Amino acid sequence: MSIPLSAPSGALDQNAARDRTTLPALVGFGVVLGSLWASWQRFPSVWNASREHGFAVAALVMWLVWRDRDVLLKTGTAHPLLALPLAAASVVWMLAVFISAQVVHLLLVPVILLGWLLVVRGPDTGARLLPIAALAMLAIPVWEVLLPLLQGMTVFVNSIAVRLSGIEAVITGTQIRLPFGTLEVAESCAGLNYLSSGLTLGAAYALAFLRDRRTQVKVLACEVLPAPEAV
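Reference entry: report on the structure contained in this document. This structure is a prediction, so every number in the text was calculated from the model and none was measured.

About the criteria used
Residues numbered from 1 in each chain as written. Predicted model: local features only at pLDDT ≥ 70, side-chain atom pairs only at ≥ 80, totals over all residues. Heavy atoms only, no water. Pairing = 2+ DSSP bridges. Helix = DSSP H or I, 4+ residues; strand = E, 2+ residues; numbered from the N terminus. Axes fitted to C-alpha atoms, helices over the stretch in contact; angles between N-to-C directions. Contact = heavy atoms within 4.5 Å. 1 Å grid on protein atoms, 1.4 Å probe; cavity = no way out; pocket = protein on both sides within 12 Å on 5 of 7 lines; lining within 4 Å. Points joined across faces, edges and corners; volume = space filled by probe spheres on them. Nonpolar A, V, L, I, M, F, W, Y, C, P; charged D, E, K, R; others polar. Phe/Tyr/Trp six-rings, centres within 6.5 Å; stacked < 30°, edge-to-face > 60°. Buried < 20%, exposed > 50% of the residue type's maximum accessible area, 1.4 Å probe, protein only.

With that settled, consider the sheet that holds strand S3 (residues 181–184). The three strands lie next to each other as S1-S2-S3, forming an open sheet whose pairing is antiparallel. In the strand order of this sheet, the two ends are held by strand S1 (170–172) and S3, each with one partner. Averaged over all pairs of adjacent strands, the angle between their axes in this sheet comes to 20°, without regard to strand direction. Relative to S3, strand S2 (residues 175–178) is paired through four bridges, and the arrangement is antiparallel. Paired with Gln-175 across the bridge in S3 is Glu-184. Helix H9 (residues 147–164) rests against S1 and S2 of the sheet, and its axis sits at about 15° to S2.

Okay, here's the thing in structure tokens:
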């Protein structure tokens, strides 16, 4: 039995191609990261003010990227046409920074980073890192737009419970008028904190310990399905 003394030529060619593209890809990614400094410097103050779990999410995102670094370094097929929407997102980001539209330019950070990877490394890399980009979205203060919907859901659920108990009630906006007083579903009672925390914990567990996409989705569903917190 003979033992080959060297790797097959195909493997050597793949390694050589990977080595030629790794350094430019890392340099390019570093340049993109640095160009978004106007947003990076805003995240700590935003998290200190309203979303303390953002620090934990950021640490988890960095760990997941490091864990999947082989995907980032893997040689892929560049898609130059995808540079057009990436350029459009970058222009919107610059305008948002200029006019101080904080939520917009913070929200565009993971979009631009993922878009750059799609352009340079192709859709396979983008598909692998899309859940990580989605996790990063949980650290951005954009979820307040769901407050009216969550308030309406809370009012609806509580009005059904009140009527089933035989108590007469009149629903007016976010208020539930009862014979002995009025209950108001405030924003703090809408369940946004529960939803945000549940999604964050579910996404962290799913991405850190699970590989199957269906199982990950099931875990997220289990975190979201419980009703918003009662008044």
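Back to the write-up after that little detour.
It is worth spelling out the layout of surface pockets at this point. In this approach, a probe sized like a water molecule rolls over the atoms, and the result shows the empty space that is left. Considering only enclosed or pocket space, the largest pocket measures out at about 630 Å³ in volume. Trp-40, Val-61, Val-65, Leu-113 and Ala-136 are, among the 22 residues lining the largest pocket, the residues nearest its centre. Those elements that provide at least two residues to the lining of the largest pocket are helix H1 (9–35), helix H3 (43–49), helix H4 (54–67), helix H7 (102–121) and helix H8 (123–137). Looking at the lining of the largest pocket residue by residue, the classes come out as 22 nonpolar, no polar and no charged.

With that out of the way, let us pick up the packing of aromatic side chains. What the rule picks out here adds up to four aromatic pairs. Summarising the aromatic geometry, the rings of Phe-43 and Trp-47 are spaced 5.2 Å apart at their centres and angled 35° between planes, so their arrangement reads as tilted. Of this pair, Phe-43 and Trp-47 both sit in helix H3, separated by four residues, roughly a single helical turn. As far as burial versus exposure is concerned, Phe-43 and Trp-47 are alike and both buried. For the pair Trp-47 and Phe-55, a centre-to-centre distance of 5.1 Å together with 70° between the ring planes defines the contact as edge-to-face. For Trp-47, a relative accessible area of 9% puts it in the buried group. On the accessibility criterion, Phe-55 (37% relative accessible area) is partly exposed. Here the aromatic cluster, defined as three or more aromatic residues joined through ring pairs, consists of Trp-40, Phe-43, Trp-47 and Phe-55.

On the secondary structure map, His-105 appears in helix H7. Not counting chain neighbours up to four residues away, the residues in contact with His-105 comprise Ala-38, Ser-39, Arg-42, Trp-93, Ala-96 and Val-97.

Attention now goes to the environment of Val-61. Considering the arrangement of structural elements, one finds Val-61 in helix H4. Val-61 sits in the buried class, given a relative accessible area of 16%. Separated by 72 residues in the primary sequence, Val-61 and Ala-133 have C-alpha atoms spaced 8.1 Å apart. In this structure Val-61 touches Ile-132, Leu-135 and Ala-136, once residues within four positions along its chain are discounted.

Function-wise, these values are silent; they only describe arrangement.
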